[in-house]
Amino acid sequence: MKIVLTALVVATLTWGPAHARESTRHRQPLLGTLGQEPRFEQVFGQRMAYYEYGARHRGRGPTLILIPHLAWDSNAWASNVGELGARYHVIAVDPLGHGRSDKPMLDYKMDTWTDTIAEFVRRRHLGRAVFGGAGMGGALSVQMALDHPRLVSGIIVAASNSGPGEHAGAARPSGPYGPSLAGTRNYLLDNFYDDSLVTEEVVRARFEYRLRANDGYVIQRHLADHRAPYSVDELARITVPALFPWCRDDTVTPLGWGEDFARALPHGRLVVLERCGHFPNMEQPEQFNAAVLAFLASLPTR
């Protein structure tokens, strides 16, 4: 049965000028950090970095594995892992080529990542897990369900352009996204709904991260052979529960794309989040966390 929720509102917001609408008194930092050093697992001879929260107890529900977007790392989940980890076993991973993980010089295909993530799951003896992510991390969650269905008990897909449909209605970039302060500012303004979040401090911090990330080769090799969006026939093979938390005001991957995505899966559930853009877990973490917790609570315990 398909469940479609039209809105999820978990906080009272103070309204102001357009695109500067949220009170800053209780706002989470946009670019938070996890505040801990990663652990590492050897996967096919490469080090994969991960961050672990919560405890593994039978009957508490599934392990949740969080995967970041391309050009980001596990710190993107800084506003999520605390609340989610208080209830569930949560692991944020840096896929190979990202964050603190090794970055071998090879072509980064989708199955390069799913095979190495699956090996990580096996080596950590995690059993079946829920896989979730935003952007590319959401697409990898879908690909995990297709490539390694025995390891997947559910998926969470936010703001991904990998679903079926016409893919119309996306706003054009406001300017080039090159490696510069101006390019970084353009990127952040296009991806976040609330322009007041994109302060000079945030722009400089994000630019500094991009300069030290050492992942330009990874991004280029992945985008050089980016797979086509998933077809309805492919997605019909995914029979596990699937959550699609999507921002109403996402202009990069508009809400209609999320609606098409959720509709294509036999057990897809769409949750529409308010007053956020392309990164709901970062811009509206309270809404995002509430949606994910409700989804995890609905899954059968193992």
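Just so you know, these numbers come straight off a predicted model, no measurement behind them.

Thresholds applied
- Residues numbered from 1 in each chain as written.
- Predicted model: local features only at pLDDT ≥ 70, side-chain atom pairs only at ≥ 80, totals over all residues.
- Heavy atoms only, no water.
- Helix = DSSP H or I, 4+ residues; strand = E, 2+ residues; numbered from the N terminus.
- Expected span 1.5 Å × (residues − 1).
- Buried < 20%, exposed > 50% of the residue type's maximum accessible area, 1.4 Å probe, protein only.
- Polar contact = N/O pair within 3.5 Å; in protein donor to acceptor, adjacent residues only side chain to side chain.
- pLDDT = per-residue confidence, 0-100.
- Contact = heavy atoms within 4.5 Å.
- Salt bridge = Lys/Arg side-chain N within 4 Å of Asp/Glu carboxyl O.
- Phe/Tyr/Trp six-rings, centres within 6.5 Å; stacked < 30°, edge-to-face > 60°.
- Lys NZ or Arg CZ within 6 Å of the ring centre and 35° of its normal.
- Disulfide = S-S within 2.5 Å.

Q: I'd like a description of helix α3 (residues 136-147), backed by residues and values.
A: The end-to-end C-alpha distance of α3 is 16 Å, a good match for the 16 Å that 12 residues give at a rise of 1.5 Å each. With 11 of its 12 residues buried, α3 lies for the most part within the structure. Among the residues of α3, Met136, Gly137, Gly138, Ala139, Leu140, Ser141, Val142, Gln143, Met144, Ala145 and Leu146 are the ones counted as buried.

Q: Quick one: what's the story with the side chain of aspartate 194, residue by residue and with numbers?
A: Considering the arrangement of structural elements, one finds aspartate 194 in the loop between α4 (181-191) and α5 (200-212). In this structure the side chain of aspartate 194 is engaged in a polar contact, spanning 2.7 Å, whose partner is the side chain of serine 196.

Q: Give me the confidence of the model for the chain: which residues, what numbers.
A: In the predicted model, the chain carries a mean pLDDT of 90, and the fraction of residues at 70 or more is 89%. Overall, residues 1-27 carries pLDDT values under 50, and its contacts beyond four positions in sequence, including any with other chains, amount to 59 contacts.

Q: Could you give me a rundown of the pattern of salt bridges, with the residues and numbers involved?
A: Across all of its chains, the model carries 13 salt bridges by this definition. Here arginine 124 and glutamate 41 are joined by a salt bridge, their closest N and O atoms 3.3 Å apart. Residue arginine 124 is located in the loop between α2 (110-123) and β6 (129-134), and its partner glutamate 41 is located in strand β2 (residues 39-43); the two are separated by 83 residues in the primary sequence. By relative accessible area, which is 28% here, arginine 124 ends up partly exposed. The buried category is assigned to glutamate 41, whose relative accessible area is 10%. Ionic contacts of the salt-bridge type, sharing partners, join the residues Glu41, Arg123 and Arg124 into one network.

Q: Would you mind going over the packing of aromatic side chains in detail, with residue names and values included?
A: In the structure shown here, the tally under the stated rule is seven aromatic pairs. Relative to phenylalanine 120, the ring of tyrosine 50 lies with its centre 5.1 Å away and its plane at 65°, an arrangement referred to as edge-to-face. Within this pair, whereas tyrosine 50 is found in strand β3 (residues 46-53), its partner phenylalanine 120 is found in helix α2, the two being separated by 70 residues in sequence. On the basis of an interplanar angle of 35° and a centroid distance of 5.6 Å, the ring pair of tyrosine 108 and tryptophan 113 is categorised as tilted. Tryptophan 113 shares its class with tyrosine 108; the two are buried. Sitting over the ring of phenylalanine 40, arginine 47 keeps its end group 3.8 Å from the ring centre. The ring of tryptophan 72 is capped by arginine 206, whose NZ or CZ atom sits 3.6 Å from the centre of that ring.

Q: Give me the lowdown on unusual backbone geometry, citing residues and values where you can.
A: Comment: phi is negative for the bulk of residues other than glycine, and the bulk of peptide bonds are trans. A positive phi angle, close to 50°, is found at phenylalanine 44, a residue other than glycine. Classification of phenylalanine 44 by relative accessible area gives exposed; the value is 56%. In this model, histidine 167 sits at a positive phi of 60°, which is unusual for a non-glycine residue. Its place among the elements puts histidine 167 in the loop between β7 (152-158) and α4. A relative accessible area of 24% places histidine 167 in the partly exposed class.

Q: Describe the state of the cysteines, naming the residues involved and giving the relevant values.
A: According to the stated counting rule, one finds one disulfide in the structure shown. One disulfide bridge connects cysteine 247 with cysteine 276, the sulfur atoms lying 2.1 Å from each other. Around the S-S axis, the bridge from cysteine 247 to cysteine 276 shows a dihedral of about -105° and counts as left-handed. Of this pair, cysteine 247 sits in strand β8 (residues 242-247) while cysteine 276 sits in the loop between β9 (268-273) and α9 (280-283), and the two are 29 residues apart along the sequence. Take cysteine 276: its relative accessible area is 0%, and that puts it in the buried class.

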